[in-house]
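A structural walkthrough
Listed here are the chains, written in short residue letters.
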Amino acid sequence: MNLFADEKQNKLISDAKDYIAKLFEGHSDGHDLDHSLRVFVNAVSIALKEPPCDIEAVALAALLHDADDHKLFDTVNNQNARTFLESHDVDSDKIDFICTIINSVSFSRNRGKTPDSLEGKIVQDADRLDAMGAIGIARTFAYGGKHGRPLDGGIEHFHEKLLLLKDEMNTQTARELAESRHAFLEEFLARYEEENNMDI
Ligand code: NI
């Protein structure tokens, strides 16, 4: 998909995809390349429906939002994201803006906090949407399996996090997208409880 009329902008986005593909090589706990690509698609889809905003910043922040995730990388001050942006001559105010967006995305670090900018709100919504619906379920059990967590631990995670996300969306567009993903989570939970019956 060519997002921008300007070829230079499109090249920047495709270079960012190549950069994170290299960065995430070998990682597969749900904070991997596919997650970042889905967050990018979610974020751009939301941005196109919301009032005009800096779509390039939204796209880059979404693609780079886990590039310095502390669970995967030992970097400070968004070094991986900055390295990419600096090497592509993005101006320094814009780099700071993108890093501010990235730092406002994390669920655990930002519980209850709303990003200041519309761009930040959009990327946060996009990341949260990827923890809902069928993808959210798949990611929960993939993570649980990797960390030796029994299935019921995954179900607990639904109640601690996934089911709360619907009410934490910032934008109207994401609130609408979250509805059907939330409904699917509830449908899955009901079936799980029905089939997880240990009594004969
Ligand atoms: Ni994420």
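The notes below deal with the structure included here. (Residues numbered from 1 in each chain as written. Predicted model: local features only at pLDDT ≥ 70, side-chain atom pairs only at ≥ 80, totals over all residues. Heavy atoms only, no water.)

1. Overview of the coordination of the nickel ion
The protein atoms that coordinate the nickel ion are His-35 (NE2), His-65 (NE2) and Asp-127 (OD), at distances spanning 2.2 to 2.3 Å. The sequence motif formed by the donor residues of the nickel ion is H-x29-H-x61-D. On the criterion of sequence distance, the pair formed by His-65 in the loop between helix 3 (55-64) and helix 4 (79-87) and Asp-127 in helix 6 (residues 118-129) is long-range, its members being 62 residues apart. Pair check on accessibility: His-65 and Asp-127 agree, each one buried. (Donors = N, O, S within 2.8 Å, 3.2 Å for Na, K, Ca; no water. Helix = DSSP H or I, 4+ residues; strand = E, 2+ residues; numbered from the N terminus. Buried < 20%, exposed > 50% of the residue type's maximum accessible area, 1.4 Å probe, protein only.)

2. Quick notes on helix 5 (residues 92-103)
The terminal C-alpha atoms of helix 5 lie 16 Å apart, and with 12 residues this matches the ideal 16 Å at 1.5 Å per residue to within 8%. Residues Lys-94, Ile-95, Ile-98, Cys-99, Ile-101 and Ile-102 constitute the buried set of helix 5. Relative to the axis of helix 5, the buried residues are bounded by an arc of 155 degrees and lie together on one face. Turned more than 90 degrees away from the buried face of helix 5, the exposed residues are Ser-92, Asp-93 and Thr-100. Tucked into the core, helix 5 has its buried residues touching helix 3, helix 4 and helix 6. (Expected span 1.5 Å × (residues − 1). Arc of directions from axis to C-beta. Contact = heavy atoms within 4.5 Å.)

3. Re unusual backbone geometry
A positive phi angle is found at Asn-77, which is not glycine, with a value near 55 degrees. Secondary-structure assignment places Asn-77 in the loop between helix 3 and helix 4. Residue class for Asn-77 comes out exposed when judged on its relative accessible area of 52%. Residue Asp-89 is not a glycine yet carries a positive backbone phi of 55 degrees. Along the polypeptide, Asp-89 turns up in the loop between helix 4 and helix 5. For Asp-89, a relative accessible area of 70% gives the class exposed.

4. Brief notes about the side chain of Lys-94
Its location among the elements puts Lys-94 in helix 5. One polar contact links Lys-94 to Glu-56, side chain to side chain, over a distance of 2.8 Å. Excluding residues that lie within four positions of it along the chain, Lys-94 makes contacts with Asp-54, Glu-56 and Ala-57. (Polar contact = N/O pair within 3.5 Å; in protein donor to acceptor, adjacent residues only side chain to side chain.)

5. Details of the packing of helix 1 (residues 7-23) against helix 3
Contact pair helix 1 / helix 3: the axes reach a minimum separation of 9 Å and the direction vectors enclose 10 degrees. The angle between the axes of helix 1 and helix 3 places the two elements in the roughly parallel class. Where helix 1 approaches helix 3, its residues Gln-9, Leu-12, Ile-13, Ala-16, Lys-17, Tyr-19 and Ile-20 are matched on the opposing element by Glu-56, Ala-59, Leu-60, Leu-63 and Leu-64. Residues that form the contact of helix 1 with helix 3 fall into these classes: nine nonpolar, one polar and two charged. (Axes fitted to C-alpha atoms, helices over the stretch in contact; angles between N-to-C directions. Parallel < 35°, antiparallel > 145°, perpendicular 65-115°, else oblique. Nonpolar A, V, L, I, M, F, W, Y, C, P; charged D, E, K, R; others polar.)

6. Structural notes on the packing of aromatic side chains
Per the stated rule, a full pass over the model turns up six aromatic pairs. Here the aromatic rings of Phe-141 and Phe-188 are separated by 6.1 Å at their centres, their planes lie at 50 degrees, and the arrangement is tilted. Placement of the pair is Phe-141 in helix 7 (residues 133-146) and Phe-188 in helix 9 (residues 172-195), with a sequence separation of 47 residues. With 5.8 Å between their ring centres and 20 degrees between their planes, Phe-158 and Phe-188 make a pair best called stacked. Placement of Phe-158 in helix 8 (residues 151-160) and of Phe-188 in helix 9 is noted, with a sequence separation of 30 residues between them. Its relative accessible area of 0% is what places Phe-158 among the buried residues. With a relative accessible area of 25%, Phe-188 lands in the partly exposed category. Grouped by ring-pair contacts, the aromatic residues Phe-141, Phe-158, Phe-188 and Tyr-192 constitute a single cluster. (Phe/Tyr/Trp six-rings, centres within 6.5 Å; stacked < 30°, edge-to-face > 60°.)

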